[in-house]
Amino acid sequence: MPTISVNLKDKNYDIRIGSGVLNQVAEGLATLGFSQKAVLVTNPLVKRLYGDKLKESLKAAGFDCQMMVVPDGESYKSLDQAGKLYEQLGDFQAERQTPILALGGGVIGDLAGFVASTYMRGMPLVQIPTTVLSQVDSSVGGKVAVNHGRLKNNVGTFYQPRLVMTDSATLATLPKEEIRNGMAEVIKYGAIRDPELFEMVENNPSPAAELWEEIITRCVAIKAEIVQQDEKDTGIRNILNFGHTVGHAIEIVSNYKVKHGQGVGIGMVAGAIISEQGGFCSTREVDRLRTAIQKAGLPVRIPHLDINKIIQAMQHDKKKAGGQVRFILLKGIGEAFIYDEIEMELISGLLQEMND
Ligand code: NAD
Ligand code: GLY
């Protein structure tokens, strides 16, 4: 089974990937020296699908395991829910060395990770991602956060997990819409860094079960390599946001009717067209990217939204550097770079053309 290591100055961790990895969680914890209590944070759906069985396996291995169940949905990635988890941790008499296991998609990973990073000034975190998005992206790299007020991910920390256990077999139960959502991130990794992965996705827009292990491994290897260079996201890590500046603004202006993966798909097309207009990549490469996104079941045009509002939302994007909106462009499929010089009029014109 593939294992990717993230090697940071004072903290290293493994990402174990493969079908059946869920059965190895107890052994993974033991390897890290944990043997007594463990806290499993999940949501009702994932509890039923995988949580109950995982808890039993941990109990069988001798752990005093407490399950903490958070309602399903982005709106529960909140300080309020974090507060409820703190209380339950207190009731369970969790200690500073009690591992918190985040079992679920990015919502659970971000919330449980935030709680792990703040309760008692930091408890060990184990990510056990069960969606494509969380397996290829959010479980690795240490960004944990909750949403506060109208802003997403605005209260958070950098807090690396001690271990990531990624069971690709859990994707068998994931709804098609969530697979498509995650495919946007897979296409992103191919486009920014891995032409072979990109080709794989071009040929397999809805990947068969046996392909996931390789797809996840390739994405995570890229993320590990980038995070090792720039853990705190001040430079090269920005390239992981290819398609996200425009995509995120579209999500917001559509009132989240446009899903994250859909917004990123449209944003990547915009990024590729800007790259072509700047003479950085060819028309053929823009076409390849657009076709791959379409074949994965994602939109490539804006569904009739107010472009001025999208531009405004982009100005608030947290990746703004010195007042300039930071863009990630392509020098071709497999090579991304940061570009700070783009005129907003140019973006505005392009988005008008892409608007239905
Ligand atoms: P999600 O966590 O909401 O999961 C999507 C849905 O799938 C939920 O209803 C969930 O219950 C269900 N689900 C999870 N696993 C399942 C399975 N195996 N079978 C069936 N259903 C399953 O969504 P997501 O796309 O995984 O994550 C989105 C979140 O991730 C957002 O909050 C976003 O901000 C965050 N995110 C974080 C980072 C990071 O670096 N920390 C990066 C990208 C996104
Ligand atoms: N998902 C982008 C990052 O982790 O930086």
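Structural notes, computed from the coordinates. (Residues numbered from 1 in each chain as written. Chains lettered and ligands numbered in written order. Predicted model: local features only at pLDDT ≥ 70, side-chain atom pairs only at ≥ 80, totals over all residues. Heavy atoms only, no water.)

### Points about the pattern of salt bridges
A complete count under the given rule lists 19 salt bridges for this structure. Aspartate 110 serves as the salt-bridge partner of lysine 77, at 2.9 Å between the closest nitrogen and oxygen. Within this pair, whereas lysine 77 is found in the loop between strand E4 (64-69) and helix H3 (79-91), its partner aspartate 110 is found in helix H4 (residues 106-118), the two being separated by 33 residues in sequence. Residue lysine 77 is classed as buried on the basis of its relative accessible area of 4%. (Salt bridge = Lys/Arg side-chain N within 4 Å of Asp/Glu carboxyl O. Helix = DSSP H or I, 4+ residues; strand = E, 2+ residues; numbered from the N terminus. Buried < 20%, exposed > 50% of the residue type's maximum accessible area, 1.4 Å probe, protein only.)

### A few points about helix H12 (residues 307-315)
Listed as buried for H12 are Ile307, Ile310, Ile311, Ala313 and Met314. Looking straight down H12, one finds its buried side chains confined to an arc of 160 degrees; they lie on one side. Of the exposed residues in H12, the ones pointing more than 90 degrees away from its buried face are Asn308 and Gln312. Elements that come into contact with the buried residues of H12 comprise helix H9 (244-253), strand E10 (327-332) and helix H13 (344-354). Regarding H12, its N-cap is aspartate 306, as a side-chain oxygen of that residue lies 2.9 Å from the backbone nitrogen of asparagine 308 further along. (Arc of directions from axis to C-beta. Contact = heavy atoms within 4.5 Å. Polar contact = N/O pair within 3.5 Å; in protein donor to acceptor, adjacent residues only side chain to side chain.)

### A few points about the site of ligand 1
Taken together, 27 residues form the shell around ligand 1, and within it Glu74, Thr130, Thr131, Lys143 and Thr173 come nearest. Separating a nitrogen atom of ligand 1 from a side-chain N or O atom of aspartate 110 is a distance of 3.0 Å. Contact distances for ligand 1 include 2.7 Å between a nitrogen atom and a side-chain N or O atom of threonine 130. Within the complex, 87% of the 870 Å² of free accessible area of ligand 1 lies under protein. At the level of elements, helix H2 (44-60), H4, helix H5 (132-138), strand E8 (151-158) and helix H6 (176-193) are the ones that each hand at least two residues to the shell around ligand 1. Looking at which element gives the most residues to the shell around ligand 1, the answer is H2, with four residues. Residue composition of the shell around ligand 1, grouped by class: eight nonpolar, ten polar and nine charged. (Near = heavy atom within 4 Å. Areas by Shrake-Rupley, 256 points an atom, 1.4 Å probe, with all protein chains shown as cover. Nonpolar A, V, L, I, M, F, W, Y, C, P; charged D, E, K, R; others polar.)

### Quick word on the site of ligand 2
Within the structure, ligand 2 sits among Asp137, Lys143, Lys223, Arg237 and Leu240. Here aspartate 137 contributes a side-chain N or O atom positioned 3.3 Å from a nitrogen atom of ligand 2. With the chains in place, 85% of the 200 Å² that ligand 2 exposes on its own is no longer accessible. Split into classes, the residues belonging to the shell around ligand 2 amount to one nonpolar, no polar and four charged.

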